[in-house]
Each structure stands twice: as C-alpha cells, then as structure tokens.
Amino acid sequence: AMALAVFFIARLAARLIHPQAAWFAAFACLALKNLNYEAADARPYALGMCMAAASLLFLIRWLDSARWEEALLFTIFAALVWRVHLIFWPFYFVLALYAVLRLARNETRVTWIQAGVVCAILTMALAPVLIHAISLFGEARAHVIAALPTAWDFANSLKFRLIVQCAVGGWLFRWLILRSPGKWIHSSIPLASLSLIAGWWLFQPLCLFGFSILTGNSVFVPRYLSLGLPGAALTATVAASLFLAPAYWKPAAAMLGLGVLMTLGQWREAWPAHHNSDWRTASAKANQLAPGPVIYPSPFVEAKPPVWRPDYPLPGFLYSHMPVYPVHGSAYLFPFEISPESEQFAATLAQDTLPAAGHFLIYGGDHNVLAWRDWFARRQELAGWTNRRLGPFGDVEVVVFAKPSLETQR
C-alpha cells in the first residue's frame, strides 16, 4: 500500500508541480521517518495514504477529462478513505477545496450539476460511516492516549525542516550548477494545485489540533497525523521548484535520494528493529518456561469495563497480539489499567489459582505488567514468592512469579 501511495504521489507531483518532479517527490516521501515507519506497520495508515493519494489522482483526472469513468474511480477511492480510519475525516476538506476552485475558476469541463451528482453519491456512500463516527463521539475520552498538544507540537507536525532543507538544497544546487543563486524559477503552478498541496499538508494537523483543544480529547498522535505527510513531501517539492530548472529535476532527485539513504539508513545493523515492542522475543523467552497461568494485561487503552471483562471472547482486538505471539499456559485477561473490577478478579486468582500452580507469568506492555507485578507482590497469599523480569524486550515485559522452592530448582 505504501509503495502504491508513493507511486500515486509521484504522479501527482508530475501533474501538479512539474512533469519531471516525480522522482523528487518520491524521495521527499522517503525523507519522512514517520512515513517510512508506516510502510511496515500492521495498522491501516499506509492503506489510508494510498486511498487518499488515489482519490486525489482520479479527482484531478476527472476534472481534466470530464469522463465518468474517472469520476467513478474517484468516488470509490474517496469513499474508502474514511472507512480505512475514522480519524481521516479532515481529508475531505482537501477534496472539496480543490474541486470548488477548479469549478469556480472555469478550469474544468465538469459542470456544477455533474459535480453535485458525484458529491451526492459520495455523501450517500459516506453516510453510514458518519453515523458510526457520531455514535462513537461520546466515547472519545476512552480512546485518548496522548496529552493535549501544544503550539510547539503543532509546528513540529508540519515538517518545516524537510521543506526548508529542500528549498535550501535547490538553492545550493542552482548555485553549484548554474552559478546564479539569486534568481528564482518562475512558477507556473496553478492556484488550485497549490491549494491541493497546501490543504493536504495542513488540514490533517490543523483539524486534529483544533479538535483536541476544543473538546479536551487529544487525537494529536503522530500516526493519526500521517495522512498529511504526503502533503508535506509535495510542499517540499514545491519549495525546491522555486530554484530548479526543468533540466535539473532528476539530478536533484538523485542527490536527495542519496542524502536520504546516507542519513536515514541504519547502516550499523543488518536487520534494524522496526519498533521498540519485541513481542516475538518476549513470547519465545516465556515459552522456554513450564506452562502455567499467564496474566495478560491488554496493551490497548480501550480495554476497560464494560468493554473489557474477565471472560472477554478470544480472539478479540483487545488482545490482538496473542494469536501472533502466544505464550503457553492458561490465559487470564486483564484490562489496560488497574480497576476495581480487575482487582476483584485478581484477588480471586491470588487466593486459589496462582498458589495452586506454584508459578505464573505476567505478559504485556511494560507499564501494565510492572503495575500488576507490584500489585501481586503486595498480596499476602503470595508472601515470600520471588519475581523476576525476563527482558529486556523494549516496551514489552514478562515477569515470572514463583514459590521460592520452584525458583531455586530453576
């Protein structure tokens, strides 16, 4: 999905900025660490970027050609964006802004009536998603995993560093090649194209920042902002276009690509870790021990009553890591945070199940596991038991509780 997204973004750069700007835009995407991260992430953000880029590409083609085939493809991909993730709602402002500008400035053969029909079809296609999103709004606080953003957080999300680097790089390239750094290249990028690029860059962080501040429920999370990263890459390409003559797009792209490989490549590691959560090694290490009770605190903030309960059905999203990285033994499911319901459940286990087993594991995210380690260590029923950590496994933890005699035998 990410490879397709970068391909679509390159085609958009060729259409919106300059026919030779495609490779530069592709390497500008690869210069963004968060965009690279999503290429190997099991979550849906790469797919969302792919659907968004495809919808923009077919929107432009439809407005250029007025063909209904292009309109149909645009509608399909645009209807999928919000279905990929509910946090992608600001993207529809980008589509609307570009289409309205093209129509208002008579830069398309598509009529207002035709655009209204397509808009109505898209609205009907998105109506079920809207109803679902509204129904979840009351639960917004249950999904908050970040503090309210600051102005500095907002500024950092706009990736000004890449934009400035591409502008300065274009200036230096022009100075080294043409020895005329003072001249800017005359830009012929239409207003509608600039609005699309700027909107794609700004709307996602701006809307999520505003939503977070106004509601008090922060959704200003890097992966939620990822849909705006292609816009930042295109904005950086526009910045470089101020200095690059058409003949120098590809050499400049090659230099940018080389710089990305040199600065972002993890050359000291043959197989760099994708993430700081090493579930694979943690589960393998735990499975070297004799099977016994395994306490699973959920790593997801949504795992709280009433969604969570001790008999939560498996497989389920609150414990989606378990089928992939299982630990042998009897599973006992715990919520993300300690709660009265979970303490009652844990007390029942501490009275009967755990002492009878002689040892047990706590397996999950580090903060969750360590909190429950401290809780069980205070229980009178487990007085004299030892506990030790099997890690380190990044931000994943495995803690082993055992009776002294069993721990000595090990």
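What counts and what doesn't
Here, residues in each chain are numbered from 1, in the same order as that chain's written sequence. Local features in a predicted model are, by the rule used here, given only for residues with pLDDT of at least 70; side-chain atom pairs are given and counted only at 80 or more, and totals for whole chains, interfaces and linings are based on all residues. The basis for every side-chain value is the complete set of non-hydrogen atoms in the structure, without hydrogens or water. Where helices and strands are cited, they refer to DSSP runs of H or I of at least four residues and of E of at least two residues respectively, numbered from the N terminus. Any two residues whose heavy atoms approach within 4.5 Å at even a single point are treated as in contact. Residue-level accessible areas treat just the shown protein chains as cover; the underlying method is Shrake-Rupley with a 1.4 Å probe. Charged-residue counts in this description rest on Lys and Arg as positive and Asp and Glu as negative, His and the chain ends being excluded. All charge positions are set by atom: Lys at NZ, Arg at CZ, Asp at CG, Glu at CD. Being paired, for any two strands, means DSSP has found at least two bridges between them. Axis definition: a line fitted to C-alpha atoms, over the contacting stretch in the case of helices. Angles run 0 to 180 degrees between N-to-C directions. Relative accessibility decides the category of a residue: with a 1.4 Å probe and only protein chains considered, values under 20% of the type maximum give buried, values over 50% give exposed, and everything between is partly exposed. Here, expected helix span is obtained from the residue count minus one, scaled by 1.5 Å. Geometry of aromatic contacts follows a simple scheme: Phe, Tyr and Trp rings, the Trp one being its six-membered ring, pair when their centres are within 6.5 Å, and the pair is stacked under 30 degrees between planes, edge-to-face over 60, tilted otherwise. To define a nonpolar core, start from buried Ala, Val, Leu, Ile, Met, Phe, Trp, Tyr and Cys residues and group those joined through side-chain atoms within 4.5 Å.

J.: I tried to follow the overall build of the chain on my own but got confused; where do I start?
T.: Counting its secondary structure elements, the chain contains 16 helices and five strands. Looking at the chain alone, contacts between residues at least 24 apart form 77% of all its contacts between residues at least 6 apart. Accessible area for the chain stands at about 20500 Å²; split by element, carbon and sulfur atoms hold 65% of it. Across the chain, the centroid of the 30 positively charged side chains sits 13 Å from that of the 22 negatively charged ones.

J.: When you look at the sheet that holds strand β2 (residues 329–334) in this model, what are you seeing that I'm missing?
T.: Backbone hydrogen bonds are what pair the strands of a sheet, in a parallel or an antiparallel way. The mixed open sheet is built from five strands, whose spatial order is β2-β1-β3-β5-β4. Either end of the sheet is taken by a strand with one partner, and the two such strands are β2 and β4 (386–389). Averaged over all pairs of adjacent strands, the angle between strand axes in this sheet comes to 20°, irrespective of strand direction. As paired elements, β4 and strand β5 (residues 396–402) share four bridges and run antiparallel to each other. Bridge pairing in β5 links Asn387 to Phe401. Contacts from helix α14 (residues 340–357) reach β1 (292–297), β2 and β3 (359–365), with the element oriented near 165° to β2.

J.: Help me understand the environment of Gly228 in this model?
T.: Along the polypeptide, Gly228 turns up in the loop between α10 (191–215) and α11 (229–241). Remark: the alpha-carbon pair of Gly228 and Asp41, spanning 187 residues in sequence, is separated by 17 Å. For Gly228, the residues in contact, after removing those within four places along its chain, are Trp200, Trp201 and Gln204.

J.: Honestly, unusual backbone geometry in this entry has me stumped. Any pointers?
T.: Of all residues except glycine, most have a negative phi; of all peptide bonds, most are trans. Residue Pro306 is reached from Pro305 by a cis peptide bond, and omega for that bond is 5°. With respect to the helices and strands, the residue Pro306 is situated in the loop between β1 and β2. For the bond running from Leu314 to Pro315, omega is -5°, close enough to zero to count as cis. Summarising the element assignment, Pro315 is placed in the loop between β1 and β2. Located in the positive-phi region is Ala66, a residue other than glycine, with phi close to 60°. Assignment of secondary structure puts Ala66 in the loop between α4 (45–65) and α5 (68–84).

J.: Even after reading the chapter, I still don't get the pairing of β5, so can you show me in this structure?
T.: Side chains on a regular strand alternate between the two faces of the sheet. Burial of β5 is extensive: seven of the seven residues sit out of reach of the surface. As defined by bridge partners, β3 adjoins β5 across seven bridges and the pair is classed as antiparallel. Bridged to Phe360 within β5 is Phe401. Connecting β4 to the next strand, β5, in antiparallel fashion are six residues, including Gly394 with a positive phi near 70°.

J.: Sorry if this is basic, but what is going on with helix α6 (residues 91–104) here?
T.: Because each turn of an α-helix spans 3.6 residues, side chains separated by three or four positions in sequence point in the same direction. When the terminal C-alpha atoms of α6 are compared, their 20 Å separation across 14 residues agrees well with the 20 Å that a helix rising 1.5 Å per residue should span. Those residues of α6 lying buried are Phe91, Tyr92, Val94, Leu95, Tyr98, Ala99, Leu101, Arg102 and Leu103. Of the surrounding elements, those touching the buried residues of α6 are α1 (2–16), α4, α5, α7 (112–137) and α10.

J.: Would you take a moment to explain the packing of aromatic side chains for this structure?
T.: Describing an aromatic ring pair means giving the distance of the ring centres and the angle of the ring planes. Counted by the stated rule, this structure contains 28 aromatic pairs. Arranged with centres 6.3 Å apart and planes meeting at 65°, the rings of Phe91 and Trp200 form a pair that is edge-to-face. Taken as a pair, Phe91 in helix α6 and Trp200 in helix α10 lie far apart in primary sequence, 109 residues in all. Assessed through its relative accessible area of 2%, Phe91 is described here as buried.

J.: Looking at this model, I keep getting lost on the nonpolar core. Mind explaining?
T.: Most often, soluble globular proteins have nonpolar side chains that are buried together. Counting 91 residues, the largest nonpolar core has Ile17, Phe24, Trp62, Phe74, Phe91, Leu196 and Trp200 as the members making the most contacts within it. Looking at this core, the element that brings in the most residues is α4, giving 15 residues. Discounting residues that sit within four places of it in the chain, Ile17 has contacts with Leu12, Ile189, Ile197, Leu234, Thr237, Val238, Ser241 and Trp249. In this structure, Ala303, Tyr319, Leu390 and Phe401 belong to the second largest nonpolar core, which totals 40 residues.

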